[in-house]
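# Inside the fold
Here is what each chain is made of, one letter per residue.
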Amino acid sequence: MLVTVTDGRAVAVKGNPGHPFTNGFLCTKVSRYHERTHSPERLTRPMRRVGQKGEGRFEPISWDAAIDEIASRFRDIAESPDGPEAILPYSYGGTMGLVQGESMDRRFFHRLGASLLARTICATAGTTGWAHTVGASIGTDAETFHRARLILLWGTNTLTSNVHLWPQILEARKAGAEIVSIDPYRNRTAAQASRWLGVRPGSDAALALGLAHIAFRDGYADRDYLGRYTVGAEVFEARCAEYPPSRVAEITGLAAGDVEWLGELYGTVRPAAIRLNYGVQRHHGGGNAVRAIAALPAVTGAWRDVGGGALLSASGRFPLDRAALERPDLISGTPRTINMTRLGEALTSATPPVRALVVYNSNPAAVAPDQGKVLAGLGRDDLFTVVLEHFQTDTADYADILLPATTQLEHFDIVKPYGHYALMCNNPSIDPVGETRPNSEIFRLLASKMGFTEPCFSDTDEQIAAQAISSGHPVFEGITLERLKRDGWARLNLPLDYAPFAEGGFPTPSGKCELYSERLAEMGFDPLPCFVPPIEWPATAPELASRYPLQFVTPPAHSFLNSTFANMDRSVRAEKRPFLLIHPVDAGPRGISTGAIVAVYNGRGGCRLEAVVSEDVREGVVVAPSVWWNKKSPGRVNVNQTTSQALTDLGDGATFYDNLVEVEVVSATELMQESEELVS
Ligand SMILES: Nc1nc2c(c(=O)[nH]1)N[C@H]1C(S)=C(S)[C@@H](COP(=O)(O)OP(=O)(O)OC[C@H]3O[C@@H](n4cnc5c(=O)[nH]c(N)nc54)[C@H](O)[C@@H]3O)O[C@H]1N2
Ligand SMILES: Nc1nc2c(c(=O)[nH]1)N[C@H]1C(S)=C(S)[C@@H](COP(=O)(O)OP(=O)(O)OC[C@H]3O[C@@H](n4cnc5c(=O)[nH]c(N)nc54)[C@H](O)[C@@H]3O)O[C@H]1N2
Ligand SMILES: [Mo]
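Our subject in this report is the structure included herewith. (Residues numbered from 1 in each chain as written. Chains lettered and ligands numbered in written order. Predicted model: local features only at pLDDT ≥ 70, side-chain atom pairs only at ≥ 80, totals over all residues. Heavy atoms only, no water.)

## Here's the deal with the pattern of salt bridges
Taken as a whole and assessed by the stated rule, the structure comprises 44 salt bridges. For the salt bridge of R270 with D305, the shortest nitrogen-to-oxygen distance reads 2.8 Å. Remark: D305 occurs in the loop between α13 (286-300) and β12 (309-311) and R270 occurs in the loop between α12 (256-268) and β11 (272-276); sequence separation between them is 35 residues. Among the residues examined, D305 registers a relative accessible area of 19% and is labelled buried. Put simply, K373 and D370 hold a salt bridge, and the shortest N to O gap is 3.6 Å. K373 sits in the partly exposed class, given a relative accessible area of 39%. (Salt bridge = Lys/Arg side-chain N within 4 Å of Asp/Glu carboxyl O. Helix = DSSP H or I, 4+ residues; strand = E, 2+ residues; numbered from the N terminus. Buried < 20%, exposed > 50% of the residue type's maximum accessible area, 1.4 Å probe, protein only.)

## Digging into empty space enclosed by the protein
Here the structure, examined in full by the defined rule, presents two cavities of 30 Å³ or more. Lining the largest cavity we find P578, C607, R608, L609, S626, V627, W628, S633, P634, V637, N638 and V639. In terms of residue class, the lining of the largest cavity is built from eight nonpolar, three polar and one charged. The space that makes up the second largest cavity amounts to roughly 40 Å³. G202, S203, D204, A205, V280, H283, G285, G286, A289, F531 and V532 are the residues that line the second largest cavity. When the residues that make up the lining of the second largest cavity are grouped by side-chain class, the tally is five nonpolar, five polar and one charged. (1 Å grid on protein atoms, 1.4 Å probe; cavity = no way out; pocket = protein on both sides within 12 Å on 5 of 7 lines; lining within 4 Å. Points joined across faces, edges and corners; volume = space filled by probe spheres on them. Nonpolar A, V, L, I, M, F, W, Y, C, P; charged D, E, K, R; others polar.)

## Some details on the site of ligand 2
Around ligand 2, a shell composed of 30 residues is seen, among which G93, S362, E389, S563 and T564 lie nearest. One of the side-chain nitrogen or oxygen atoms of S362 is found 2.7 Å away from an oxygen atom of ligand 2. Considering only residue class, the shell around ligand 2 consists of eleven nonpolar, 16 polar and three charged. A domain-level breakdown of the shell around ligand 2 finds at least three residues from each of domain 1 (2-118 + 325-369 + 376-393 + 401-417 + 427-491) and domain 3 (542-679). (Near = heavy atom within 4 Å. Polar contact = N/O pair within 3.5 Å; in protein donor to acceptor, adjacent residues only side chain to side chain. Domains from an automatic or database assignment.)

## Some points on the sheet that holds strand β15 (residues 384-389)
Judged by pairing direction, the sheet is mixed, and its six strands sit side by side in the order β4-β3-β16-β15-β14-β5 without closing on themselves. The open sheet is flanked by β4 (58-60) and β5 (87-91), the only strands paired with a single partner. In this sheet, neighbouring strand axes are inclined to one another by 20° on average, regardless of whether the strands run parallel or antiparallel. (Pairing = 2+ DSSP bridges. Axes fitted to C-alpha atoms, helices over the stretch in contact; angles between N-to-C directions.)

## What about the side chain of N659?
For N659, the location among the structural elements is in the loop between β25 (621-623) and β26 (660-665). Within the local environment of N659, its side chain forms a polar contact with the side chain of N602, the two groups lying 2.9 Å apart. In contact with N659, not counting residues within four places along its chain, are E536, L550, Q551, F552, N602, R604, T642 and T643. (Contact = heavy atoms within 4.5 Å.)

## Side note on helix α5 (residues 124-131)
Along α5, the residues that are buried comprise T124, A125, G126, G129 and W130. As for α5, its buried residues are in contact with β11, α13 and β12.

## Structural notes on the packing of aromatic side chains
For the coordinates displayed, the defined rule picks out 21 aromatic pairs. The interplanar angle of 45° and the centroid separation of 5.8 Å between the aromatic rings of F108 and F443 together place this pair among those described as tilted. Taken together, the positions of F108 in helix α4 (residues 104-112) and F443 in helix α18 (residues 439-449) put the pair 335 residues apart, joining distant regions of the chain. Summarising the aromatic geometry, the rings of F452 and F457 are spaced 5.7 Å apart at their centres and angled 45° between planes, so their arrangement reads as tilted. Owing to a relative accessible area of 5%, F457 belongs among the buried residues under this scheme. These aromatic residues form a ring-pair network of at least three members: F74, F108, F109, Y360, F384, F443, F452 and F457. (Phe/Tyr/Trp six-rings, centres within 6.5 Å; stacked < 30°, edge-to-face > 60°.)

## Looking at the environment of P20
Residue placement: P20 occurs in the loop between β2 (9-14) and α1 (33-37). With relative accessibility at 29%, the residue P20 sits in the partly exposed group. Once you skip the residues sitting within four places of it in the chain, P20 turns out to touch E143 and W489.

## Let's talk about the sheet that holds strand β18 (residues 422-426)
Spatial ordering of the open sheet is given by β17-β18-β19, a layout of three strands whose pairing is antiparallel. Of all strands in the sheet, those bounded by a partner on one side alone are β17 (413-415) and β19 (489-491). This sheet shows a mean twist of 15° between the axes of neighbouring strands, independent of strand direction. The sheet contact formed by β17 and β18 spans three bridges and is antiparallel. Of the residues in β18, the one forming a bridge with I414 is C425.

## Overview of unusual backbone geometry
For the bond running from R270 to P271, omega is -10°, close enough to zero to count as cis. For the peptide bond that leads from T351 to P352, omega is -10°, which places it in the cis range. Relative to the elements of secondary structure, P352 occurs in the loop between α15 (343-349) and β14 (356-360). Its identity as a non-glycine residue notwithstanding, R327 has a phi of 50°, on the positive side. By the secondary structure assignment, R327 is in the loop between α14 (322-326) and β13 (337-339). At F565, a position not held by glycine, the phi torsion is positive, near 80°. Of note, F565 is situated in the loop between β21 (550-553) and α23 (569-575).

Dropping the structure here:
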């Protein structure tokens, strides 16, 4: 990203035309990052809460007073019988920078002996499923997708959540490639594809096993590739025999003829690339869904081709020195690990209790599942909460101490991508706005105040970045901090026509693609990919489904980044209002027409949305692009009132889209009464 600065202010940002993948353009959200940075609503001074929790009333204090108060509260807790593990850090994707997101903060909490956080809210089901099959988060090079002649967009909305891949797809399409979207809703990207297959949410493993079934049955399997580079081909073939197209059709809700069509296409067109993404793994069976999809390019030998194979994440190609970054050797005692997906439970019923919470790079009041529990936890008067933020988010409203953080325009960082193979450098372009400080600096100050004297707490941001890339791995050869700072990016030392597993070389224990996983067997899991149904699914939970019959999917909104940007006027205007897509077949009997205000609810909670009746969503599924801020939503709550804290089959991940709800029209009288109550 190139930033234009006038008189110390960022006045424009644009894509760097020299960057091989992003190629000179930014996504719609980030293209106004200068406005976000200089927004009049930016937090610019440390503050202390004066109102009730959640009310959002604060008074400014000095940095010294803020740091003193936090350190003294931490010291009291650490010395109490509950010990330091009663302190919980909570962070995720606000910045993907290594320095501001996973270094000085980790060192601080390790040395303190705070509870460890399992960062599961987004990707661990898929990461784990992929790791047990392919070995590490490595896949088809995004820069080679233009060479594919078949591209399956599987549980992903490329134009919204991964827009820089789109030029590659357009180029492939120009050369005649078929683009197929597999998604319960005809999202912006599916609408541009040659074909949309409206699969039932949570059923992808069955579809993948069905495609493999057809490949084995019809002679599309690459027996040579299977023999040389995979483990368990025979038992896997037997497993796939259990998934003939008729059964796959029953599970997925697709027509058996469409399954046959896709199976033949996938078996015969080369190069064949699959861009699967995290949408497929936000269900209980998400780990096995990814395992089943990850098996496909090994079955047909699609890995052999440049532009063939599959890509979930590229992050495993970057061999960073994590131990130097995070210093796990400093961990004091044997603290427990808390799964961030179960924050609601942790804040309301953990022993020892969570007595202090430090939130940075995240907005759990809006994004975490089972929001009723999360808000009850954040509202506890005996919980001491510190929030590091750019804006007064829903979470910030619950802070005891609210600290103003710098943005990427104001601090230094290096950024490991997960969709392509170039490492990036983030040079600061302006001075920090107001009294804002980088996360790294805030944790440095806290470490010093707590008397942590290890030299790593004095490392500068650039020293931390240099440590991260000095693992000595050949892909980093020649990539120095100086070069990164000068160019802004550096592609890993990989050939331009990189095909990661053309000749095997899978980073698994066996060195092969593990269709059968000995490790999973040892851990007591099914060693073969299998279809694990959602927890909330009509066939497996009929009683629940009789009360809450609709599957509720809440994927990223085009103009928001999770809940980031959901407070910027321009982004909010582009998204219009929190709405719900519902199929005419589901809307009709409920008396719902477009524009109606509906209540979407289940046993956990509910929210209000505006209905849009549309055939762009499959029957039995309702979709609400997310994540809106609670306080900008009707009733000051959002879709995460309904989502659950249940975990995935592998990786203990979040199951946001494994969620049954009922939808009903809110009557005009009810709406009227509520607005009168509000006025009075
Ligand atoms: N504009 C924008 N871009 C973003 C984000 C954002 O919030 N906004 N978030 C970023 C982050 S943190 C992430 S993790 C990624 C997420 O982006 P993706 O990995 O693309 O995943 P999702 O957006 O969760 O889901 C994508 C699609 O999966 C579909 N889907 C849901 N359930 C299923 C299923 O069971 N099977 C199939 N086949 N499809 C299903 C949804 O309908 C949706 O269209 O995007 C990143 N990019
Ligand atoms: N219903 C539903 N819920 C979801 C999802 C979904 O698809 N549906 N998606 C899930 C997914 S994939 C993810 S990844 C999570 C994401 O959830 P989060 O990681 O909480 O991401 P954001 O909501 O973007 O909030 C990040 C916050 O960090 C702040 N921030 C940004 N940069 C910095 C910085 O340098 N320093 C500090 N201190 N703060 C910074 C931003 O202002 C923002 O408020 O949400 C999950 N929640
Ligand atoms: Mo995510």
